[in-house]
Amino acid sequence: MTTEDDVPREPIQKSRRVPVVIAAGTVGVVAIGLLMVGHASSRVNKVALAGSPKGVTVVEAKAAPYRPARRYVGTIEPWVEAKIGPQLISAYVDTVLVRPGDAVKRGQVIATLDCRNASASSKAVAMQARAIQSQQEAIAHEASRVAELKEGGFASANEIEKRAADSDSKAAELLETQAKMQRATLEVNDCVLRAPFAGEIAVRAADPGAFARPGTAVATLVDRSTVRIVAEVPEADFDVVAPATPVRIVALATNRQLHGTIARRSPAADFSTRTIHLEIDVPDPNRTLPVGTTAEIAMDVGEPVAATEIPLVAASVRGGKVTVFVVDGNVAKKGVYPLKGERGGSLFIDPTLRPGSHVVTDGRALLKDGDRVDAQLEAAGDGATRVAGIKP
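The residue numbering used here restarts from 1 in each chain and proceeds along that chain's sequence as written. For a predicted model such as this one, the threshold for reporting local features is a pLDDT of at least 70, and the threshold for listing and counting side-chain atom pairs is 80 or more; totals across whole chains, interfaces and linings nevertheless cover every residue. Here the side-chain values reflect all heavy atoms present in the structure, with hydrogen atoms and water set aside.

A word on the packing of aromatic side chains
Two aromatic rings, drawn from Phe, Tyr or Trp (for Trp, its six-membered ring), form a pair once their centres lie within 6.5 Å of each other, and the interplanar angle then sorts them: stacked below 30 degrees, edge-to-face above 60, tilted otherwise. Tallying each qualifying case throughout the model produces two aromatic pairs. A ring pair is formed by Tyr92 and Phe211, whose centres lie 4.9 Å apart and whose planes are at 70 degrees; its orientation type is edge-to-face. Of the two residues, Tyr92 sits in strand S4 (residues 91-96) while Phe211 sits in strand S9 (residues 211-212), which places them 119 residues apart along the sequence. The class for Phe211 is partly exposed, based on a relative accessible area of 34%. Here the guanidinium or amino end of Arg265 rests over the ring plane of Phe238, the centre of that ring lying 3.8 Å away. Criterion for a charge above a ring: Lys NZ or Arg CZ within 6 Å of the ring centre, and within 35 degrees of the ring normal. For the cation-ring pair, Arg274 lies above Phe271, with the distance from its terminal atom to the ring centre recorded as 5.1 Å. Strands are runs of DSSP state E lasting at least two residues, helices are runs of H or I lasting at least four, and both sets are numbered from the N terminus onward. Exposed residues in this analysis have more than 50% of their type's maximum accessible area, buried residues have under 20%, and partly exposed residues fall in between, with area computed by a 1.4 Å probe over protein chains only.

Comments concerning the pattern of salt bridges
Here, a salt bridge means any side-chain nitrogen of Lys or Arg that lies within 4 Å of a carboxyl oxygen of Asp or Glu. On inspection of all chains with the given rule, the structure shows 14 salt bridges. Between Arg256 and Asp284 there is a salt bridge whose closest N-O contact spans 3.9 Å. Taken together, the residues span a long stretch of sequence, with Arg256 in strand S12 (residues 256-269) and Asp284 in the loop between strand S13 (275-283) and strand S14 (294-300) at a distance of 28 residues. A residue is classified by how much of its surface remains accessible, and Arg256, at 31% relative accessible area, is partly exposed.

Describing the environment of Glu137
You can see Glu137 is positioned in helix H2 (residues 116-149). By relative accessible area, Glu137 is classed as partly exposed at 37%.

Quick look at the pairing of strand S15 (residues 308-311)
Note on strand geometry: in a regular strand, side chains alternate between the two faces of the sheet. Here strand S2 (residues 62-63) pairs with S15 via two bridges, running antiparallel. Looking at S15, one finds that Ala63 is bridged to Thr308. By this definition, two strands are paired if DSSP reports at least two bridges between them. When S15 meets strand S19 (residues 346-349), the two strands line up antiparallel, connected through four bridges. The residue of S19 that forms the bridge with Ile310 is Leu347.

Some points on the side chain of Asp284
Looking at Asp284, the relative accessible area reads 3%, which means it is buried. Side-chain atoms alone can form a polar contact between residues adjacent in sequence; in general such a contact is a pair of N or O atoms within 3.5 Å, and within protein one must be able to donate a hydrogen while the other accepts it. At 2.8 Å, the side chain of Asp284 and the backbone nitrogen of Thr288 are in polar contact. Working rule for contacts: check all heavy atoms of both residues, and any pair within 4.5 Å makes them a contact. The contacts of Asp284, once residues within four sequence positions are left out, are Arg224, Ser225, Thr226, Arg256 and Leu289.

What about the sheet that holds strand S6 (residues 109-113)?
Strands sit in the order S7-S6-S4-S9 across an open sheet of four strands; the sheet is antiparallel. Two strands close off the open sheet at either side, each with one partner strand: strand S7 (192-194) and S9. Across three bridges, the pairing between S6 and S7 is antiparallel. In the strand pairing of S7, Thr112 is matched with Val192.

Comments concerning the confidence of the model for the protein
As a per-residue measure, pLDDT tells how confident the predictor is, with possible values from 0 to 100. Taken as a whole, the protein shows an average pLDDT of 81; of its residues, 76% reach a score of 70 or greater. Within the model, the stretch residues 381-392 combines pLDDT values under 50 with 17 contacts to residues more than four positions away or in other chains.

Points about the environment of Glu342
Within the secondary structure, Glu342 is located in strand S18 (residues 331-343). The exposure class of Glu342 is partly exposed, given its relative accessible area of 48%. Along the chain, Glu342 and Pro311 lie 31 residues apart, while their C-alpha atoms are 9.8 Å from each other. Residue contacts for Glu342: discarding those within four places in its chain leaves Tyr66, Leu312 and Leu347.

Set out below in structure tokens:
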């Protein structure tokens, strides 16, 4: 009988597939890792940002003559203006016969006041004057008769002098009463408000029932057949605004452009503001300019000078100096130039900045002197861009 232990065993052979699989997997993992590292490295920018060109927009500087100018803000005022109201009495407004915009003639009734009390007082003073006049005439006749009695010795010199003094006293009293009557007459006449000149009603300041005192305006009358444009200018421009200097005017209310000359200039400056008052007369027979509105006054000063024109956005201004960046090739160079002046949206600087130079507009705030740039030239008119350095 044989047992399991007695059976001869065959030697176990180790499989070679396991090491091969492990080695192949390791190689695959390493290869994938290398590919991923290479892919990630290809996306890394190995060039410093400071060294890369900066994108900017440039414009071409132009040669343009510049002539200094002055601009002032003025007010259009009527040639004549009157605030119509009572001057002597206080009374209630009875009627107002005009409205704003009405044309009136000289002497036309504008408004009336309730002056029954003034009328009664005027009549009382007139009656008093008549009574005093009668008394004075009687006393004068009596003094004359007494003087005739002196020749017959029937009247003394003292009595004659007394009668003459009484007559003179009554004459003075009569004159006083007549003066009061004239004042009362003026008060009555003050109850009817009339236009002092031909013009138009600008303001109706009171309605019937309002109480008017001396100095209270019931209506405002203006004459616009000729208007005055007035302005206050700095004292340093005293010589600039000499009489007969031609000016350009824009009436903002109607956008109407006018031409005129300075008619008059104050010989003294205002004590508080240190400004000089000037006036420009503008005939307006059709009365098309509204008064009390704003007018812009412009005038040229001196002679035109050579300058280089650039947009206002292409520079920073400090004092009388302008700082700009000019593209030379692919490099932005910082330059400082004297400022000649400003007009509209343009700066006029010293022609040492050569016309045709490419001046940076957009992206200027991020530049430093000597930075490399990728410039696009902004075309005038259509707003298109072209690569800088390529002539159209």
